[in-house]
Structure formats: C-alpha cells, structure tokens
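In case you want the letters, here they are:
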Amino acid sequence: MFRIIFFLFLSTAAYTQQIRVSGFVLDRERGESIPSATVKNLNTLSSVYTNKEGYFSISASIGESLVFSSVGFRKQIIVVAKSDTYINIRLDEAAIELAEVEVRAENEFKNKVIGVSSLNSVQIKDIPSLFGEPDVLKAFLTTPGVAMVNEISSGFSVRGGKPSQNLILLDGTTVYNQSHLFGLTSNFNPDLVKEAKLYKSYFPSEFGGRASSVLDVTLKEGNSSHIKQEISIGVINSRYLIEGPMNRVNRDKTTFSLGLRSSYLTLFLLPTKLNARRLSGNEYFNYWLYDVSGKVRHSFNDKINLYLGFYHGNDYWESLTGSKDNLSSFKVNWGNFTFSSRLAFLISEKIFLNTQASITTYHHKINLGFKTQDLNENGFLVSSKVNDLELKVYADWYATSSLQVKLGSNFTRHAFLPSTIKASFQTGSPNQELIANEFVTFVSFEKEFNKNYKVDGGLRMVAFDTNTETFLQFEPRVAFRKFSKKNSQFYFTYNRMNQFIHQVSSNSLGLPIDIWIPSNGVIEPEQMDQFDFGYIRMSLGNFKSLGLNVFYKKFSNLLEFQSGVSLLTNLEKSPSEFVERNGSGNAYGLELSTLYSIGNLDFSGSHTYSSSRQQFANINNNKWFYSNFDRPHMINIQANQKWNQGQKSFTINWVYYSGNPISIATKVINSYSNGEQGVQPYLLYAERNNYRLPDYHRLDISFNLSKETRRHRERMIRVGLYNAYNRFNALYVKVDFEYNNLSNINNKVVLKKGAVLPVLPFINYTLKL
Amino acid sequence: MKVTILISLICILYCSCERKFEVDLPFSADELILYAELPINGRIKAFLSKSSAIDVQIDFELDYTKYTIVLFGDDGVIDTLNYEENGFYYSEKIQFSSTNEYSLKVFNELEGLVLETQSISPLPLLEDVLIKETTKVVQGLNPQYETKAFSIEVADPKSQLDYYSVQITGVSEGIESIVGFFVIGKDSEVRSDCGFALPSSYYFTDKCKLNNSLLWEFGVELATYNAQLQKVVKPEIITITFNNIDKYWYDYYATISAPNFIENAFLVPKVFTSNFKQGRGVWAASNSQIQSFLVK
C-alpha cells in the first residue's frame, strides 16, 4: 500500500508542471464578458474572479481541472492541457439554474471583495417594485444594512450613512442625482444593466470620495450574435432596448446597446395644458421624464477593447395655477449627462491596463413666474450645476497565482455652480463657479496564504485643491479573511474614506433642490472610519449560506443642513451659510443574512440591528441625537419559486423598518417680537429628532410569466401588488391649524401623519423582437 | 377591455393617495415661557406666559397673582418687577452697567423658584447711528407698490456689536401696522445681502456691509395692511426702529422666523434654544434708535 501511494506521489510530482492559465470568460450567446465569474481549481481549491472585462489569470498544473461559474450561467469544467495558457471560456446562459442560489452563495462567500452585493439585470427584475418598474437602487434595499430614506425616495442609507455619502458610478463615471419622478424610481434603465455592485464593508482603493458606500453600475455592451430589440410597457413609462453587432460579417468586432425610456403622463395631460393657457380658471399639472443610455464596444483585437458609454436623462415638472389674468407658473427641471470612454489593454498575461476619460454633468432649474392683470411678468429662475471631467488610468497586475495587485491614478476637475438666480427683481450678486481639482493615486493587493488566509489591502492618497485650501488625505484599507475547512470564514475589515464634495439639502425627499459644494477653507472633508467583523458559513443542509457581522463606523467633520433654513427661499445665498460644520457621528450594528433553498424555491432573509447618531455644536444644543437614517431594526424576507425552466416565477418580498426619527413640535407657545406679544402662536421644537414615525412594513407580490408568441418571440408579463395588505405607512408629520371663525386666530394646532402609497397593482409587459 | 384596464390603472396611480391620521404624541407638561429685555438704561420689560399642548385648545393664560419676577445683579436682588397687564411685568427705571451681569428669577407662591435665567450684561447705547432716506432706486418685487429706499449707518467706533434688528412700521389713517422686520447678524454676513424679512408677505431688497461699522441699504414697499379697511394701503408715515441686540435675541428671531413647516413637511425645524438655567424663554439685551419719515 505504501509503495502504491509513494508511486502515485512520484508520478504526480513528475507530471505536475505549473503553468499560468489566463483568458476571458464570456457569455456564449451574447458574446459579452462576464465580470465577477468564479474560476476555481478543483485540485488545489484555489480560486480567482474575473475582472470587469471578464479577464482571469490562475495558476494550474497540466491535468488539473478548472471550473468556471457565474450566477445565471451553467458551470463549465475544463482540464488544463499544455497549450491552455490563453483560453476564452464561453458559458451558456441558464434559463433556470438549479444551483443558482448555491453559486450566489459561493460568490458571496469567497467573493473578490468582502461585503459586496452584486445583482444583474435578471435578478433586479425578479424583485417586486413600485409600479412594476424594476429599479436597480431599490433592488439593493434587500441587502442587510441598506435602508430606504423614505418610500418615495430613490436615495438609500448604508449602515446609517446619508444618501449623499454613497458614491454612485455608471461605467466608472459619477452620477450626482439618481432620481426620476421625485425619487419614485431611479435613473438607471434596468434593461441595460449588466451588473451592479454595492460595496459597504471593504472598499477597494480604486473607490473613494464618499463616506459611506459605493454603487458601481456597469452597462451591457450589446450582444454579438444578432440584433435584439425589447419593448416594455409599464404603468408609469415604457422602455425600448436595442442591442447587437454593428457589423453583420465580423460580429464580435463592434457591438452596441441603446436603451430609451419615457413616461407618457404628459400626453394625457396635453389637452389640460392647452386649456389652461387659452382659457381662464384652470389649473394644470404635468410631468415628463426620459432617459437615453447606451454603450459601444469595439475590439481592435483579442487584447484591446474600446468602450464608449453615455447616459442622458431629464425630468420636467410644470404646474400652472390661477386665471389667465393672474397666472402663476412653477417649473422644475433636473437631469444628468455622463459620457465615458475606456480603452482596455491586455498588455501581457499578467498585466491588464485601463485608461478612461469621462465627463458628468448634473443640473437643476427652478422657475417661478407670475403674470398679473396688467400683464407684468415677474419671477425668478434658479439653477445649479455640477460639471466633472475625469481622467483615469489603472492596471491589474496578476503577479503570482496568489498575489494580485491593482494600481492607478486619476485626476478630476470639478466645477460647481451651487446656485445662480435670474430674476425680474433685484437680488444679491450671483454665486461664482467653484473649481476644485482632485488627484488620486492608489494601490491595492489581494494575497492568499496557504489557501486558509487571504488579505486584501490598499492605500489611497487624495490631494484635493480649491482656490482657498489644499487637502491631502491618506486612506488605508484592509480586509483579512481566515477560511476554515467547514466552508466557513471569519473576516475583519478596516477602511477610511474621505468625502470632499458635499450635498446641501433642506429636505429628505428626492426633490432636486440639492446643491453640491466642495470642501474649502471653511468646510473640512467628511471622514469615515469603519470596522467590520464577521463570520460566513456555507452549505449547512438547505441553508446555502449564513452570515453574521458587526460593524462600527465613526464619522468626523460631518455637515448638516442648518435647522429651519429654507434652501428654496435662500438659493441666491452662498451654500456655506446653510451648513453646520464639524459634526461627529457614529453608527454601529449587527447584520444577519441567510440563503435557503428547497428545490426551485429560494428564500433569502436578513435582519439588521443598528444605531446611527450625530452631534453638532449648534444643533440640538450640542446634544447627541439620532440621525434621520437611524433604523434600529430592518428585516427583509424574500421567497422566489420558479417553474417550467424559469418561465413562470412567483416572488414575495416583505420588508420591515423601525420608524425613522423626525422632529415634531411638542408644544405651542406665545411668540414675542420687538416688545410685543406675537399675533401667531409659535410651535416649540424642543429637541432634534425627538419622535419616531410608526414602524414601516410592506408586502410585495409579483408573478412573472414568459411565453413564446405565435411568431416565436419571447414575451413576458409581470403582474403584482405593491403594498399588498394596504399598510398605510406614515411618510411625514404635518402641522395643521384649526382656526376660530369668530376671532380669526389659531385656536388649535394639530399634527397629522401622512401616507402616500396604498396598495398598488401593477402590470408590465415586455416583448423581445 | 384592455383600454378600460389601462385607464383604470392610470386613475388609481394618479389620484391623490395621501391619507392623514392622528399622531400619538408623548405627554408633555406645560411649562413657563418668559421673554425679557435688558436695556442699558430704563425699565426691564418681561412677558410671562405658559406653553400649551398640541392637539388641545390653545391656552397661554396664567394666574399672574401667583408669580413674582425678581431682578438679580452681581450683589443680589435689585428689584422686583411689577405686574401690569396681559402677562407683562416692568421694573423701575434703572441705570445698568455694561460691566455687570443681571439675571431674572420667577417665583411661584406654592412651588418657590420655578424659572431662572442665565446672567447677561446690557449692551452699550450706540451713539453714531444715522437713519436716512436715500435716493437710490429700488426695484421692488411687486410693481403694484411704490418703494422707498433707506439706509442705516452705524459708525460708532465703540461698536463691536454683531447683531442688529430693524422694525419698520407704517401708519395709515391713524392705524399702525408692521411693514417688516429684519435681523442681521455676523454669522449671516457672507455676501452683500444679509437679512431676512418678517412677515414674509412683504418684500425687501437689502444690502449691507458689516465689518467694524454697518452700512445697510434697503428698499421698502409702501404697503401696509389696514385691518379696518381690510385691504393693503399706502402708509402716511414710516417709522424705522433700529436695535442693537445680543446673540440671544438674534438666535430667537432666527428661530421664530424659520420656516419650520412652511416649505414642506420634510424641512428640518429649528430647535428653540433658551439661555435659561431652568425653564424656557429668552433673556436678552437690546437698545433702540427710532426715526420716523413722512411719506409723500
């Protein structure tokens, strides 16, 4: 026996010849790269993950087996041959992959980055949503530690942070405002999303500039097999997608994707607008949103690819009130434009280089006008703008089979026009454009030790320069993981993040009355230090994964909008006037998550217990108070059942949030002005965020049915209910006065809770042409 | 049928879904509210009332026979304020020293000390204040109303003050009403415009410079509301009351003029701050300069 083992050992040793296997993992049908796919050596159990371009590089011996897997695709196993130093692997899409939840669990277990959640277009569409509109941002609300700001906002809070502390990237380009329709839906077209990743625990050094989280959205490049078109008709808007090769002969050479989305409420309301303009005594309201986004990929050869991507979207809201002789109009318009151009080179099997140039703009305009009987026209137009130009270069270096290094630099020129006013009356002098230059250098590495330990680390250096101040900050990042044989791991992460540009907002709605300003001599960069310690267990019977972690975040130099100041009525002023500075904050919490599967029935659930508090010298008398985004308990339970190879699916989603804190008046007092008792009573707000809205909970149901039409085209119908048991979740508290008719003075002050979204049925029809 | 379903869905979506229901408020006991002014020279004026709960009939009334307000200085009791009417108490005429500190205490005959302010010092009287009408053309927001321009200049080198207020009243047919009220503070002086108006139904354009001296130019719409006539009329006399105030008054005015609930229900309200050791209210220093102008 000993001889046999000895012989086997010798023969294996003789046969073992380590080579480096590299290449791209691609979608066989679409021809697109598959990012974050797992490449695992079944003999050594070492694994690597593809980068954004689907590139991987792994060490293996001839004769060893490599398995390639990704969510939504069938696994593929190859045996390494001598010639296999550079291979492209094409994975087949799986209409329903029985082991999908296992792959998802595995990805989350040994993913390239700790604490990252990723979703693709199909997963996003599986989650029931308001009006049946699949929404990238709202899909991430199922992630532990991620909470909605409120029901009608597309902003989200990650581990107690503010929505403005989330960095939102579209193909590597910053998107400043992610709201359509006041936040009811976000501005990412779900048909075009190839992959969306949310980082909340460990932040690779290439990301920075925000103090809470990073959402990285990548658009589809278009499939290389044939032209595909898709039409979706929903309750609010309709979408159109076209993608495919640009050249019929050489299909892999150049591909494109283009998505259009538009609401159609404006068509229904057009007659009322004409009526309001021509006749008297009518009121008119209109809303229109649209966006266009797309991407082009051009392959110069196997190793050089050019990607061009863009997004352009706008929202228009208009209302007219009064009569023809005394008409007042209110118009709001906001939107984003982004463009990115990226060249990806595979310089050698070990070095992958990217260069990117991008621009992003965000603007909003508020126009208020009055037209009186004598035909005098008065009013004002307030606008705000942000323009960024960014140049970026970074390289992946696959140094050894267990060491991967990424390093790069980027330069960004920010131009902010916080607010400028044009008015028919005299105003203060307009705000000047503020220019800030940001230079970043970063290095990060991933190193595996003995298959049992893995360390991710990095350092990011940021120089941020304005006319008045230059800031230099270093941001260390580290993640340490210990794997055990029982498919479990412990991890610890530490991250420092700085935020040099700040959003000033007087409300928590998705209204575009937001202003972005850079750090300067007065406003210090916001800083966040986060510690995260966790445990993940895989494959415990039907439990495909179990996760448990605790985190602690410390914020410094926080900014907060000054209490009681209306941004809308002070837009011509310098934004520095509106902010309280040098605030402190902390957030801590415990997150539990699980994936459970029985046959085609998948469950996922999470529970977060957390706290988020702040302190400012001039707010709440310097006492600590719960932040607006404090949610002690957040629970999300989702169940998904699929039949007929995924042609039918049924999803239910239940969410529960503790009520968020708000400030309410507790008393009414006499006011006093210039030696006299005031005429009107005054509401006494004694403490900041002294009241918590009632707990929020909601059940959403959706049923998806895919079928082939008579003309062999795929169609999909999605029907469902949002807020199925019609829970009236309070959104705000409103002050109402009850007047005494005799004395015409306020007799009683009452507070009322308002809710806006009852049970809402939805239907969405998609046809693939 | 499909069209009917589509139209029904759209109707469901775009009708107002807002529903209101009552807030379960935590119990909050009534508390005493005191506003009191400390001049450099003259009588202290104090206004005592109580808070009223939300959701019940507003009631600010107190049994004033049970409350006594006492003025304290560095060396102990200076005066006991006399109750006059409608919650107002007054001290004797006193010459206060700007180097001393003064506080007020409110006693209830049953409970004893119920309210105590912090100690503050009076502000020195400004000597070199010039309030005048100017010929500067002011473009008003509402062209229906004529406007007039005024300036206030404080060149007093002694003045190291940071906060001022201006009240403008108009008299029409013998009835006085407030045209507007401004507060200006060093914290708000960032650019040329540095005041805010109250009540908000009247509009002003104002410019000011606030360094070691103050130059404040502003326009006033000649419009006051005559309650008897129930319409807006042009005033015959404009009276401008200029006050140098301390930070406590400034913070108070900034608080009560904050649109805590005007813009939308999501606005973060301003928390009421008191410079009291016990109880709630404002005890602050101010001095006035008054100038009247006939409107032609």
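From a predicted model like this one, the values you see are computed outputs, not experimental measurements.

## Details of the overall build of chain A
Working step 1: Counting secondary structure elements, chain A contains five helices and 49 strands.
Working step 2: Expressed as a percentage of the 769 residues in chain A, the buried residues total 60%.
Working step 3: Of all intrachain contacts in chain A linking residues separated by at least 6 positions in sequence, the fraction that spans at least 24 positions is 65%.
Working step 4: Of the roughly 29900 Å² that chain A leaves accessible, carbon and sulfur atoms contribute 57%.

## Focus on the overall build of chain B
Working step 1: A tally of regular secondary structure across chain B gives two helices and 24 strands.
Working step 2: Residues classed as buried in chain B amount to 52% of the 296 residues present.
Working step 3: A sequence separation of at least 24 residues applies to 61% of the contacts in chain B between residues at least 6 apart.
Working step 4: When the accessible surface of chain B is totalled, it reaches about 14300 Å², and 50% of it is carbon and sulfur.

## Remarks on the sheet that holds strand β6 (residues 76-79) of chain A
Residues and elements named next belong to chain A.
Working step 1: Judged by pairing direction, the sheet is antiparallel, and its four strands sit side by side in the order β3-β2-β5-β6 without closing on themselves. The two strands at the open ends of the sheet, each matched to only one other strand, are β3 (47-49) and β6. Across the sheet, the mean angle from the axis of one strand to that of its neighbour is 20 degrees, orientation sign disregarded.
Working step 2: Examined bridge by bridge, strand β2 (residues 38-41) and strand β5 (residues 65-69) share four bridges and lie antiparallel to one another. Looking at the pairing, asparagine 41 lines up with leucine 66 of β5.

## Focus: helix α2 (residues 247-256) of chain B
Working step 1: Burial runs high along α2 of chain B: seven of the 10 residues are buried.
Working step 2: If you check which residues of α2 of chain B are buried, you get Trp249, Tyr250, Tyr252, Tyr253, Ala254, Thr255 and Ile256 of chain B.

## Section: the pattern of salt bridges
Working step 1: Summed over all chains, the structure comprises 37 salt bridges over all chains.
Working step 2: Across the salt bridge formed by glutamate 116 of chain B and lysine 277 of chain B, the nearest N and O atoms sit 3.9 Å from each other. With glutamate 116 of chain B in strand β12 (residues 112-117) and lysine 277 of chain B in strand β23 (residues 276-278), the pair connects residues that are 161 residues apart, well separated along the chain.
Working step 3: The class for lysine 277 of chain B is exposed, based on a relative accessible area of 57%.
Working step 4: Where salt bridges share partners, they join Lys125, Glu133, Asp191, Glu230 and Arg239 of chain A into one cluster.

## Here's the deal with the side chain of glutamate 31 of chain B
Working step 1: For glutamate 31 of chain B, the location among the structural elements is in the loop between β1 (19-22) and β2 (32-38).
Working step 2: Within the structure, glutamate 31 of chain B has its side chain in polar contact with the side chain of arginine 280 of chain B (distance 2.9 Å).
Working step 3: In this structure glutamate 31 of chain B touches Lys667 and Leu684 of chain A together with Ser49, Lys50, Ser51 and Arg280 of chain B, once residues within four positions along its chain are discounted.

## Looking at the sheet that holds strand β8 (residues 116-119) of chain A
The pairing of strands in a sheet comes from backbone hydrogen bonds and takes either a parallel or an antiparallel form.
Residue and element names in this part refer to chain A.
Working step 1: Strand order in this open sheet of five strands is β8-β15-β16-β11-β12, and the pairing throughout is mixed. Strands with a single pairing partner mark the edges of an open sheet, and in this sheet they are β8 and β12 (173-174).
Working step 2: Sheet topology places strand β15 (residues 193-199) next to strand β16 (residues 213-219); six bridges connect them, and they run antiparallel. Counterpart to glutamate 195 in the pairing with β16 is threonine 218.

## Considerations on the nonpolar core
Inside soluble globular proteins, nonpolar side chains tend to come together where they are buried.
Working step 1: Core analysis: the largest hydrophobic core is formed by 68 residues, its most contacted members being Val136, Phe156, Phe188, Leu215, Val217, Tyr657 and Leu757 of chain A.
Working step 2: Setting aside its immediate chain neighbours within four residues, valine 136 of chain A contacts Ile124, Ser186, Phe188, Val193, Ala196 and Val217 of chain A.
Working step 3: Core analysis: the next-biggest nonpolar cluster, separate from the first, contains 26 residues, Leu32, Ala46, Phe276 and Ala285 of chain B among them.

## Focus on the environment of phenylalanine 500 of chain A
Residue and element names in this part refer to chain A.
Working step 1: Inspection of the secondary structure assignment puts phenylalanine 500 in the loop between β29 (488-499) and β30 (501-505).
Working step 2: Phenylalanine 500 gets classed as buried once you look at its relative accessible area, which sits at 2%.
Working step 3: Along the primary structure phenylalanine 500 and valine 462 are separated by 38 residues, whereas in three dimensions their C-alpha atoms are 9.7 Å apart.
Working step 4: Setting aside anything within four residues of it in sequence, one finds phenylalanine 500 in contact with Gly209, Glu438, Val462, Phe464, Phe471, Gln473, Ile517, Pro518, Ser519 and Pro525.

## Section: the confidence of the model for chain A
Working step 1: Of the residues in chain A, 87% reach a pLDDT of 70 or more, and the chain-wide mean stands at 83.
Working step 2: Taken together, the stretch residues 1-15 of chain A has pLDDT below 50 and engages in two contacts with residues farther than four places along the chain or on a different chain.

## Here's the deal with the confidence of the model for chain B
The predicted coordinates of low-pLDDT regions are not to be read in fine detail.
Residue and element names in this part refer to chain B.
Working step 1: Of all residues in chain B, 74% have pLDDT values of 70 or greater, and the mean over the chain is 76.
Working step 2: Per-element averaging of pLDDT across chain B places strand β17 (residues 195-198) at the bottom with 40 and strand β9 (residues 88-90) at the top with 95.
Working step 3: This model gives residues 8-16 a pLDDT under 50, and the stretch forms 12 contacts once residues within four places in sequence are excluded.
Working step 4: Low pLDDT (under 50) marks residues 188-203, which in the prediction has 53 contacts with non-local residues, meaning those over four places away or in another chain.
Working step 5: The ipTM assigned to the predicted complex is 0.78, against a pTM of 0.81.

## Here's the deal with the packing of aromatic side chains
Working step 1: Considering all chains together, one arrives at 39 aromatic pairs over all chains under this definition.
Working step 2: On the numbers, 5.8 Å between centres and 15 degrees between planes, the contact of tryptophan 288 of chain A with tyrosine 316 of chain A is stacked. With a gap of 28 residues between them, tryptophan 288 of chain A in strand β20 (residues 284-301) and tyrosine 316 of chain A in strand β21 (residues 304-323) connect regions that are remote in the sequence.
Working step 3: Given a relative accessible area of 32%, tryptophan 288 of chain A falls into the partly exposed group.
Working step 4: With a centroid separation of 4.9 Å and an interplanar angle of 15 degrees, the aromatic rings of phenylalanine 464 of chain A and phenylalanine 500 of chain A are classed as stacked. Highlighted residues: phenylalanine 464 of chain A in strand β27 (residues 453-466) and phenylalanine 500 of chain A in the loop between β29 and β30, separated in sequence by 36 residues. For the pair shown, phenylalanine 464 of chain A and phenylalanine 500 of chain A are each scored as buried.
Working step 5: Linked through ring pairs, Tyr672 and Tyr682 of chain A together with Tyr35, Phe47, Phe88, Trp249, Tyr252, Tyr253 and Phe272 of chain B together constitute an aromatic cluster.

## Quick word on the environment of tryptophan 334 of chain A
Residues and elements named next belong to chain A.
Working step 1: Structurally, tryptophan 334 can be placed in strand β22 (residues 326-348).
Working step 2: What makes tryptophan 334 buried here is its relative accessible area of 0%.
Working step 3: Sequence separation of tryptophan 334 and serine 383 is 49 residues, and the distance between their C-alpha atoms is 9.4 Å.
Working step 4: Reaching out from tryptophan 334, the side chain makes a polar contact with the backbone oxygen of serine 179 at a distance of 3.1 Å.

## Focus: the side chain of glutamine 473 of chain A
All names here are of chain A.
Working step 1: Note on placement: glutamine 473 falls in strand β28 (residues 470-484).
Working step 2: A distance of 3.5 Å separates polar atoms of two side chains, one belonging to glutamine 473 and the other to glutamine 527.
Working step 3: If we ignore the near neighbours within four places in the chain, the residues touching glutamine 473 are Arg460, Met461, Val462, Asn498, Phe500, Pro525 and Gln527.

## Structural notes on the environment of glycine 219 of chain B
Working step 1: Structurally, the position occupied by glycine 219 of chain B is in strand β19 (residues 214-221).
Working step 2: Once the C-alpha coordinates of glycine 219 of chain B and glutamate 146 of chain B are considered, the two residues, 73 residues apart in sequence, prove to be 10.0 Å apart.

## Some thoughts on unusual backbone geometry
All names here are of chain A.
Working step 1: Here the phi dihedral of asparagine 582 falls at roughly 55 degrees; this positive angle occurs in a residue that is not glycine.
Working step 2: In this fold, asparagine 582 is placed in strand β34 (residues 579-598).
Working step 3: The phi torsion at asparagine 723 lies on the positive side, around 60 degrees, for a residue other than glycine.
Working step 4: By the secondary structure assignment, asparagine 723 is in the loop between β46 (714-722) and β47 (732-740).

Calculation criteria
- Residues numbered from 1 in each chain as written.
- Chains lettered and ligands numbered in written order.
- Predicted model: local features only at pLDDT ≥ 70, side-chain atom pairs only at ≥ 80, totals over all residues.
- Heavy atoms only, no water.
- Helix = DSSP H or I, 4+ residues; strand = E, 2+ residues; numbered from the N terminus.
- Buried < 20%, exposed > 50% of the residue type's maximum accessible area, 1.4 Å probe, protein only.
- Contact = heavy atoms within 4.5 Å.
- Areas by Shrake-Rupley, 256 points an atom, 1.4 Å probe, with all protein chains shown as cover.
- Pairing = 2+ DSSP bridges.
- Axes fitted to C-alpha atoms, helices over the stretch in contact; angles between N-to-C directions.
- Salt bridge = Lys/Arg side-chain N within 4 Å of Asp/Glu carboxyl O.
- Polar contact = N/O pair within 3.5 Å; in protein donor to acceptor, adjacent residues only side chain to side chain.
- Core = buried A, V, L, I, M, F, W, Y, C linked by side-chain atoms within 4.5 Å.
- pLDDT = per-residue confidence, 0-100.
- Phe/Tyr/Trp six-rings, centres within 6.5 Å; stacked < 30°, edge-to-face > 60°.

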